[in-house]
Amino acid sequence: MSLFGSIHLGANTLRAMQIGLQVTGNNIANANTPGFVRQEVIYSPAPVQKIGNLTLGLGVQVDAIVDKIDKFVLDRLVGARGDRAGAEVHEEAYREIENLLNGLSGETDLSTEFTNFINSIGGVLDAPNDPAARHLVITLGDKLAQSLNSISSRATSIHEEFNDRIIASADEINVLTETIRKLNLQVATVEGSGASDSDAGGLRVERQKAIDRLSEILGITVNEQTSGAVNIAVGGEFLVFEGQRLTVESVLTSEDGLSTATIQFTSTQSPLESRVGELPAMYAARDQIVGDFLDGLDQLAGLFAFEFNKLHTQGQGLVGFDELTSVNSIPDADAALDEAGLAFTPVRGKFDLLVYNRAQNTTKTHEIFIQLDGLDDDTSLNDLTATLDAIDGISATINSGGKLEITSDSNDATFAFDDDTSGVLAALGLNTFFTGSTARDIAVNSELRGLGNEAKFAASGGGLGTPSDSANALVLYKFLDKSLDSAGGLTVPDVYDRLVNTVSQGATVAGAIAEGFRVFENTLDGQQQAVAGVNLDEEAINLITLQRIYQASARFIQTAAELLDVLINL
Amino acid sequence: MAGITPIPTTRVGDYFIRQRLVNQVQGDQLDLFRLQTQVSTGRRIFLPSDDAPAALRAIALQRTIQRKEQSERNLAGSRSVLTVAETALVSVADSLRNVRGSAVESVSNLTSEESRNAAIADVDAAITALLTSGNANYNGRYLFAGSRTNVLPFDYAGEFIEYRGNEKSLQNYVDLEQLFTTNLPGTEVFGGVSGEVRGSTDLNPQLTENTLLTSINGGDGINTNSAISINVNDGLATTSSIIDLSGAVTIGDVIRRIEANPPAGSAIIRVDIVNNGLTVSTSAGTVRVGEVAAGRAAKELGIFTPTSVVPGPAMVGSDLDPLVRKTTLLSDLFGTKASGRLATTGANNDVVVTSAVNGAAWNGVSVVYATGGVAGSETASYNSFSQTLTVQIEDGQSTANDVIAAINAEGTFTAKLDGRDTTDVDLAGSGTVDINSFGVVTAGGGGTALDTASGLILTNGGDPVVLDVSTAETVEDFFNLISGAGVGLAGDINEAGSGIDVRSVLSGADFSIGENGGTTATQLGIRTYTAETQLADFNRGIGVATTSDLETLDTAKLDSLAIVARNGTALAVNLVGSTSLQDVVDNINTAPGNNTLGTAVLARLSTNGNSIELVDSSTPTTGNLVVQNPIGTQAAEYLGFVPAGDTQTSTNSTDVDGNYTIGGANVLGNDLLIVARDGTELWIDLAEATSVQDVLDRINTAAGNNSGTTAVLARLVGTGNGIELVDSSTTATPTDLIVRTVEGSQAAQYLGFVPDEQSQVSSNTGSGGNYSLTSEDRHTYEVDSVFNSLIRLRTALQDGDAVAIGEAVERIDVDLNRAVFASGEIGSRLQSLDAVETRLEDENVQLQSALSNEIDVDLVEAISQLTARQYALQASLQTAASILNMSILDYI
């Protein structure tokens, strides 16, 4: 042991403390950096020197600079982020739909539109000939149809938005995996494949950020290798393996006018499947939340249109039809009407065709039977057309578009319908109020639009010619209270309420779940930050300690130097 | 409020602290903002998910409130209409009282034209005023037009007033479940539609394959979604099948479903329509039709086999009594058509043959195939003598379709394919028929067919209109023809759905429906003048007055009398037990001692049949013919032989033959006298005759009629309405056929034979060499309305007819009652609207309060929360500031 040795020991200490100061300085500098993991210098006594029987310490040495991190908590955070991010997507989807429905406004919501429309029929009840009252019914019917269209189209755009986000996710996943792959290489290089005990610090932080984000998008499994690289797998498939990665791509398929994007591995074209995270949540939000809502809305609109039409087709307007073309077409005119692909299926029954002669003021009733019991000769569009065509004063043909056209043969003759037990008129779209079968395409029949056509609103139940009564309007007015067999005995408001309830319950539940996941994530984050977060006071204490050691070491060197001076001056 | 996140237990970093503090402050501010928004909007929840159960209740409440608000609007509309109607009716009763007053006054001064003209002017003014009231209008809607609110309800049609509205009312929902009748049809206020000529006959429409199930059993139909079971026993075992009838609409559906689902392994099941019912038969074994579970369908279809009945090869069902509907074919009324099936081995070749018209005459017809035809031009011929319909075919070549064409071309029967034999729609009827197929015998025909060839004669105020109904196919066509005749008449199916009614809307006119030489009106039950027509309804309810006294024989007064013949023989005549004048005559003629030796006192009925004449030709003539009134007896006086108070009548006056005669007084009355062209007088007593049939019987059985050369037949006239007398009496020197009023009775006038103011009517014309006389139709219907009464009153005033004025005044009283009642009805409806309105308002308050409970914010709570949160935020900010301020660096 020499004085030089001592000076050397002091110098080592100074270096070690400088390193410590730099790490502390770095920690202080990043005290406000999100995701930063504080580092700690690991000191250990330097190797000892054996001098005779004595074993002398040689001061301090810096073993490593390590990240203060709880890997177990970090792993759990990866899962929690995915859960939270997924739940937030659900929450958002429900919230958007809720906003669409605006169910509580009492002025502009769909429920009010339904009620206003039906209420407007009240004005026709004791003034069946008042064009203004009839016109209001058509206007409000139009408004209702437009509200349904608009909600449907806005819900569809939410659907599209999720698609866009899914497509964007594919790019983001690729960017993130590329980042992780590159950082894997750098971390491995810096950490020297385990040759050094030190961590790659900032590189790891960067990589962890990418992993955090990726874990929000997908439920991933992260495995750190001894090299310091991490392998990331999704559902058994490796997205990143050491310095390699697999790319993903989005593909679009189209169904019912809605396009649907999914993400798959570019190489294998197998779908990227995960159960947690934003991506599956977006799938679910798009297909289940928005998709089911659209289905529910379509069901509501279809039910409303068909059932209202069924009642409307039972009545007559102030004037009969000179000509009428069915709204819906049938491609195969020979097919039985219940197998001809109509949106609504007619059943065995009959309807009356009333032929009214203006000159004579007489009505002739023709019973038209619709045979649909599957036993023999079920009625096809051709059969129906032939039956109608055989009626005196009326011609019926099927036009090139597969639609039934009925025309009266003379100026004196007009026609109307009555007492349809088969639903065939509503199914074909003859004398209906609405057209369409979904929220997207529901509209007021164009027959009713236009000046004077409000007279065709079928308020009357008393046939043609004799000026209208309001017997059918009375039935239509009670429509909202009518229990519908096709809806399992529910009424239209029941079906609407069920739709709103599904959305609002879903929104409530999704909100609660998201909140739960947020708390859980925050808790884990708290735990993580409890280990990794920088505490300035702590760092200040470290700083002082290091400073004092440095000062003491300097004094030690000075003392050693003075001793040397003594020696030299001897 | 943001979730509460636990604090780490070990150490804490600065970044974490700041993050947490920011989160907490944001959470507090968010809560504050939410509370502030709640306070400023008054809403507790903004989206349903804020409080899903409350939101859902709120949506339902909002909907109910919106519906109730519409109810209130409906109610306000109804109130306006009723209020205007009430105002319009205020003057009606006054006008009517005025007219009534001046009419009554004018009766006492009928001779003064001035007074009558004044009354007529009053009537005209009243008609105008009532027309104005009746045509009252609100917002372009006529208030008293029933549901035809855009049609002027009362208007002149020539000299009459036509009601153009209907008897329905407009209705509106003044509450969710309360349907309120908004207006009174004009008929309920002013009258305007006649009582219906009720279809007196059940039209008994035929059951066909197209008969709706809802229209059978008199309209009760059958339960929907029902099922029946068919059980066939082939002698070894019973097999069953369940026939699901849910969704079946017509009888044809039932037939097809039963035939398509025979019990497994059983023989063929056939269902035929026989006698307006279904007959289910099996080709082997016995068949029993049962219910499924506790169903009623088999019973409702009339084919249930009770357990007490031993099943046979066929279950013959009961008459299903289908309703008359607008689309019912006239040819399907009054009976059934005979039909049968012509089956050939093989598929697609069976034919159903049905007679073209109703009736049993077509039962038992054999339909046979015979050779001799050429495929494609088969012929059919019907031999009515042998009752055989022969179709000449080319054996093995002719198809079922060919056969059908041939039978239809022949026309006696109609033929169509039997669908059960069809394997494929495209092959239907393409199977060939075979000469060996034999032998359908038609059955099931019955009843008659409607006479559509003759038509009707309609009269409503104006000239009679002959209505040709031969073009009508359905009941509706028939109605269209009636309303199209332009005489203010309309037909409809009666309430029971079994027949038809005809009504008039022309006030002031007499209407009637008569035959046009056939039976159309009678068959349809709408002839206004039938044998059953009550005489009391003649002459607009005045009836047919007959002589008021001497109508019946007082048999109690027929005790005994004593006659002394001119040869001095005393005859004691016991009349006890006599019930007619003829008995009295007989008793006198057979009295002990009479017609023996020289004694011959002949009693005979006078020519008018109402008194007795005694002719004494006894020899020798020693004294007078005396009729005595023994003490304690009444008969001589009653029969008019002895004047009241005297004890006897004695005479020696002689007739042309030198006999002594005593004539009794009339003890019975006559109402009219018919003098046949052979000069025979037929005295007709209409006492207690109540119907037209009674009148016909009295004439046809009148003493002297149909004896000798005399033959006067009374019958309903074949064309139009009235009683026709057909005189086919034989004589070389015919005189006119005469109907004459007698004995002060106006019956001949009331019946319409003799014009008013005249005493007789005669005829020497007729068809078939007979003389005939037809009475006017005095049994007319009229509209019961205020306008009718006024028009009648006007006519009566013009004619100066006091009786008719009195009649009209009585009717005006009825009209007045009706109008007053209608006013009261409107008043009470307005009152009930008030009650409903009050209830709606109360409910609205309750509903709004319930809605408010669900979605509105409790301000007290919100503001106290706001304050609490404010303090929390302040405290949080202060502590945050002090935490962030503290640093060890300050101390080193």
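Residues numbered from 1 in each chain as written. Chains lettered and ligands numbered in written order. Predicted model: local features only at pLDDT ≥ 70, side-chain atom pairs only at ≥ 80, totals over all residues.

## Structural notes on the overall build of chain A
Within chain A, the secondary structure is distributed over 11 helices and 18 strands. Overall, chain A is about 150 × 45 × 35 Å in size when its C-alpha atoms are taken along their principal axes. Within chain A, the proportion of its 570 residues that are buried is 48%. Considering only intrachain contacts with a sequence separation of at least 6, the fraction spanning at least 24 residues in chain A is 70%. (Helix = DSSP H or I, 4+ residues; strand = E, 2+ residues; numbered from the N terminus. Buried ≥ 20, exposed ≤ 12 C-beta atoms within 10 Å, placed from the backbone. Contact = placed C-beta atoms within 7 Å.)

## Overview of the overall build of chain B
Helices and strands together make up the secondary structure of chain B, namely 17 helices and 43 strands. A globule of 892 residues ought to have a C-alpha radius of gyration of about 29 Å, yet chain B, at 45 Å, is considerably larger. Referenced to the eigenvectors of the C-alpha coordinate spread, the extents of chain B come out at roughly 185 × 90 × 55 Å. Of all intrachain contacts in chain B linking residues separated by at least 6 positions in sequence, the fraction that spans at least 24 positions is 65%. (Rg over C-alpha atoms; globule rule 2.2 N^0.38 Å.)

## Regarding the interface of chain B and chain A
Contacts between the two partners involve 68 residues from chain B, matched on the other side by 64 residues from chain A. Those elements giving two or more residues to the side of chain B that touches chain A turn out to be helix 1 (14-41), helix 2 (52-107), strand 5 (171-175), helix 5 (251-260) and helix 8 (475-484) of chain B. Here the side of chain B that touches chain A takes 16 residues from helix 2 of chain B, the largest share from any one element. When grouped by side-chain class, the residues that make up the side of chain B that touches chain A number 26 nonpolar, 28 polar and 14 charged. (Nonpolar A, V, L, I, M, F, W, Y, C, P; charged D, E, K, R; others polar.)

## Observations regarding the sheet that holds strand 42 (residues 771-774) of chain B
Two modes of strand pairing occur in sheets, parallel and antiparallel, and in both the strands are linked by backbone hydrogen bonds. Residue and element names in this part refer to chain B. Pairing in this open sheet of three strands is antiparallel, and the strands run 37-39-42 from one edge to the other. The open sheet is flanked by strand 37 (712-716) and strand 42, the only strands paired with a single partner. Across the sheet, the axes of successive neighbouring strands diverge by a mean angle of 20°, strand direction being ignored. Alignment of strand 39 (residues 723-727) against strand 42, held across four bridges, turns out to be antiparallel. Bridging from a neighbouring strand, E724 pairs with T774 of strand 42. (Pairing = 2+ DSSP bridges. Axes fitted to C-alpha atoms, helices over the stretch in contact; angles between N-to-C directions.)

## Structural notes on the environment of A872(B)
Locating A872(B) in the fold gives a position in helix 17 (residues 859-885). A tally of 16 C-beta atoms within 10 Å means that A872(B) is categorised as partly exposed.

## Considerations on the confidence of the model for chain A
Predicted coordinates in regions of low pLDDT should not be interpreted in detail. Residues with a pLDDT of 70 or more make up 97% of chain A, whose mean pLDDT is 88. When mean pLDDT is compared element by element in chain A, strand 18 (residues 443-444) of chain A scores highest at 93, while strand 2 (residues 49-51) of chain A scores lowest at 84. (pLDDT = per-residue confidence, 0-100.)

## Some details on the sheet that holds strand 9 (residues 269-274) of chain B
Residue and element names in this part refer to chain B. Sheet architecture is open: three strands sit in the order 9-10-12, paired in antiparallel fashion. Each having just a single partner strand, strand 9 and strand 12 (314-316) make up the two edges of the open sheet. Put simply, the sheet's adjacent strands are angled 20° from each other on average, direction ignored. Pairing between strand 9 and strand 10 (residues 277-282): six bridges, direction antiparallel. Within strand 10, the residue paired with R270 across the bridge is S281. With respect to the sheet, helix 5 is in contact with strand 9 and strand 10, its orientation differing from that of strand 9 by roughly 160°.

## Comments concerning the nonpolar core
Judged by nonpolar contacts, the single largest core of 146 residues is most densely connected at I97(A), A155(A), L214(A), V290(A), L297(A), F415(A) and Y477(A). The dominant element in this core, judged by the number of residues it contributes, is helix 4 (residues 131-191) of chain A, at 20 residues. When sequence neighbours within four positions are dropped, the list of residues in contact with I97(A) reads A155(A), I158(A), I289(A), V290(A), F293(A) and V503(A). Y142(B), L184(B), L333(B) and V786(B) belong to the second largest nonpolar core, which has 73 residues in total. (Core = buried A, V, L, I, M, F, W, Y, C linked by C-beta atoms within 7 Å.)

## Some remarks on the packing of helix 6 (residues 278-312) of chain A against helix 10 (residues 492-532) of chain A
Relative orientation and spacing of two packed helices are given, respectively, by the angle between their axes and the distance between those axes. Residue and element names in this part refer to chain A. The contact between helix 6 and helix 10 brings their axes to 10 Å, and the two run at 170°. By the angle between their axes, helix 6 is roughly antiparallel relative to helix 10. Contacts from I289, F293, G296, L297, L300, L303 and F304 of helix 6 reach helix 10 at V492, V495, Y496, L499, T502, V503 and G506. Of the residues in the contact of helix 6 with helix 10, the class split is 11 nonpolar, three polar and no charged. (Parallel < 35°, antiparallel > 145°, perpendicular 65-115°, else oblique.)

## What about helix 5 (residues 202-217) of chain A?
All names here are of chain A. Under the 1.5 Å per step criterion, the end-to-end length of helix 5 is 23 Å for 16 residues, consistent within 8% with the ideal 22 Å. Within the span of helix 5, buried status applies to L203, R204, V205, R207, Q208, A210, I211, L214, S215, E216 and I217. Elements in contact with the buried residues of helix 5: strand 4 (60-67), helix 2 (71-101), helix 4, strand 5 (221-224), strand 6 (230-234) and helix 6. (Expected span 1.5 Å × (residues − 1).)

## Some thoughts on unusual backbone geometry
Residues and elements named next belong to chain B. Between T619 and the following residue, P620, the backbone shows a cis peptide bond with an omega angle of -10°. Mapping P620 onto the fold places it in the loop between strand 31 (612-616) and strand 32 (625-628). Located in the positive-phi region is A293, a residue other than glycine, with phi close to 55°. Along the chain, the position of A293 falls in the loop between strand 11 (286-291) and helix 6 (297-300). One non-glycine residue with positive phi stands out, namely N706, at about 55°.

## Concerning the packing of helix 2 of chain A against helix 4 of chain A
All names here are of chain A. One way to put it is that helix 2 packs onto helix 4 with a least axis distance of 10 Å and a crossing angle of 165°. Classified by the interaxial angle, the pair formed by helix 2 and helix 4 is roughly antiparallel. Where helix 2 crosses over helix 4, the handedness of that crossing is right-handed. Touching E96, I97 and L100 of helix 2 are I151, R154, A155 and I158, all from helix 4. Across the contact of helix 2 with helix 4, the residue classes tally to five nonpolar, no polar and two charged. (Left-handed = near helix turned anticlockwise from the far one by under 90°.)

## Focus: the confidence of the model for chain B
Per-residue pLDDT for chain B averages 84, and the proportion of residues at 70 or more is 97%. Across the interfaces of the predicted complex, the ipTM metric reaches 0.84, alongside a pTM of 0.83.

## Brief notes about the environment of S580(B)
Note on placement: S580(B) falls in the loop between strand 29 (570-574) and helix 11 (581-589). Spatially, the C-alpha atoms of S580(B) and L668(B) are 10.0 Å apart, while their sequence positions differ by 88 residues.

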